[in-house]
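Architecture and fold: a report
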Amino acid sequence: MAANEAPLRIIHCFRSPVGGIFRHVRDLVERHAAEGHAVGILCDSSTGGAHEEKLFEALLPHLSLGLNRLPIRRAISPSDLVALQASYRHIKSLKPDILHGHGAKGGVVVRLIGSLLRVNRYCVARLYSPHGGSLHYDRNRPSGQVVLRLERFLERFTDQLVFVCDFERRTYEAKVGRPRIPAQVIYNGITDDEFAAIPAGPDGADFLYIGMMRDLKGPDVFIDAFETVERSLGRPLSAVMVGDGPDKERYRQRIHARGLSDRLTLHDAMPARQAFAMAKIVVVPSRAEAMPYIVLEALAAEKPLIATRVGGIPEVMGEESPALAAPGDAAGLARLMGQALTEPGWKERAMPRPDDFRSVFSASHMAGDMMQLYRKLLTDQSSKLS
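It should be emphasised that the depicted structure is a prediction, and the values quoted were computed from it without experimental measurement.

Points about the side chain of Ser 129
Mapped onto the elements, Ser 129 comes out in strand β5 (residues 125-129). Ignoring anything within four residues of it in the chain, the contact list for Ser 129 reads His 100, Gly 101, His 102, Gly 103 and Val 162.

So, in structure tokens, the structure goes:
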């Protein structure tokens, strides 16, 4: 922060403190707090487990504006009004300069509350990052029409859209429409200390799935692909699945029913770098994504990576990467898993160049670009009020 620049008061709001959104916010909080800015978080109190609690504990020293958790449901419900009222009182008392909403629910909260503050000529900037969220809805379904029309309506209460990848920007234009307000792509980034190789331990498994245990992320596809690649190679393999989520018990039953329990084990959520040491090859079998951090984290750790051609993943891996499979295609995923495991030099041919990757997907670049945007929006808003 330059000597003549005042520190900002920044509030990040999102619903579920798990996965990529939470990682994105944590990186911004730590970077901006280190620069002397005052930062706070408002999020849901009913999601997350022991792993997330440890992450919050580590983050608390950086949150000079505090951590406020209250019930925020995934689906729209009458209880949202109670949460919105409580959020308004809390945020108003903190007198923020920046309100940054992440995901659909976080975006609604900051845009409505920020607009209420602006009615009283309060100088606050309202930013919204979809992170996939409502953009996963099908515009041909009634529920999708409602959600996407709401996104269009909320643009009038938004100062800036921030997309984490160009795929997310294109999806917004296709489903919601070309933005009528300023929009910018700022890629997710990895911290400097994460750019270090993590080889598998001596007892490391062949494959690792790490992420939310829900169908959208493809754990069921991973299980099917693991069974297929075992058959194709004609020998038993090993794999670990790390994460928590609503469908975890169903996947456990699927593994047991296939007779894979002795070779494919389930583990609770843990830090990604700890999980990377458990296996040789990381597999990301998602059916849909925006810009998943696990892809960035795996590449920074120099792990061989197989993923699906969804969201912003091709922007990271390269559009023509031989390590990309079609979403939901267990047979195609199994073919790539077999190649990665058996073909000499596969990693060197399939993975992006480390220097090129690091020059784009850095947390310092992400936080710096975001801060420049925050200050520009505040300058513009001050000019309107003066």
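The structure having been displayed, the exposition proceeds.
A closer look at the pairing of strand β3 (residues 67-70)
Covered by surrounding structure in β3 are Asn 68 and Leu 70 only, the residues Leu 67 and Arg 69 on the alternate face being uncovered. For the handedness criterion, the β-α-β arrangement of strand β2 (residues 38-44), helix α2 (residues 50-59) and β3 is classed as right-handed.

Topic: helix α12 (residues 330-342)
Taking 1.5 Å per residue, 13 residues should reach 18 Å; α12 reaches 18 Å between its end C-alpha atoms and fits that length. Three or more residues of α12 are buried, namely Ala 330, Gly 332, Leu 333, Ala 334, Leu 336, Met 337, Gly 338, Ala 340 and Leu 341. At the N-terminal end of α12, a side-chain oxygen is found 3.3 Å from the backbone nitrogen of Ala 331, two or three residues along, and the residue is Asp 329.

Structural notes on unusual backbone geometry
Its identity as a non-glycine residue notwithstanding, Lys 95 has a phi of 50°, on the positive side. Positionally, Lys 95 belongs in the loop between α3 (79-94) and β4 (98-102). Positive phi values are uncommon outside glycine, yet Glu 302 reaches one of about 60°.

Examining the sheet that holds strand β7 (residues 183-185)
A sheet is described by the order of its strands in space; here 7 strands give the open sequence β3-β2-β1-β4-β5-β6-β7, paired in parallel fashion. Strand pairing shows two members of the sheet lacking a second neighbour, β3 and β7, which therefore form its edges. Each neighbouring strand pair of the sheet contributes to a mean axis angle of 20°, computed without reference to strand direction. Here 5 bridges tie strand β1 (residues 9-14) to β2, and the two strands are oriented parallel to one another. Each residue of the ladder has a partner; that of His 12, found in β2, is Ile 41. Packed on one face of the sheet, helix α1 (residues 19-34) meets β1, β2 and β4 and runs near 170° to β1.

Section: the pattern of salt bridges
Tallied over the entire structure, the rule returns 31 salt bridges. For Glu 194, the salt bridge goes to Arg 23, with nearest N and O atoms at 2.5 Å. Residue Glu 194 is located in the loop between β7 and β8 (205-210), and its partner Arg 23 is located in helix α1; the two are separated by 171 residues in the primary sequence. Take Glu 194: its relative accessible area is 10%, and that puts it in the buried class. In this structure, the salt-bridge partner of Arg 126 is Asp 159, at a minimum N-O distance of 3.1 Å. Highlighted residues: Arg 126 in strand β5 and Asp 159 in the loop between α5 (142-154) and β6 (160-163), separated in sequence by 33 residues. Asp 159 carries the same exposure label as Arg 126, and that label is buried. One network of salt bridges, in which partners are shared, links Asp 166, Arg 169, Arg 170, Glu 173 and Arg 178.

Rules and cut-offs
- Residues numbered from 1 in each chain as written.
- Predicted model: local features only at pLDDT ≥ 70, side-chain atom pairs only at ≥ 80, totals over all residues.
- Heavy atoms only, no water.
- Helix = DSSP H or I, 4+ residues; strand = E, 2+ residues; numbered from the N terminus.
- Contact = heavy atoms within 4.5 Å.
- Buried < 20%, exposed > 50% of the residue type's maximum accessible area, 1.4 Å probe, protein only.
- Right-handed = clockwise from strand over helix to strand, strands pointing away.
- Expected span 1.5 Å × (residues − 1).
- Polar contact = N/O pair within 3.5 Å; in protein donor to acceptor, adjacent residues only side chain to side chain.
- Pairing = 2+ DSSP bridges.
- Axes fitted to C-alpha atoms, helices over the stretch in contact; angles between N-to-C directions.
- Salt bridge = Lys/Arg side-chain N within 4 Å of Asp/Glu carboxyl O.

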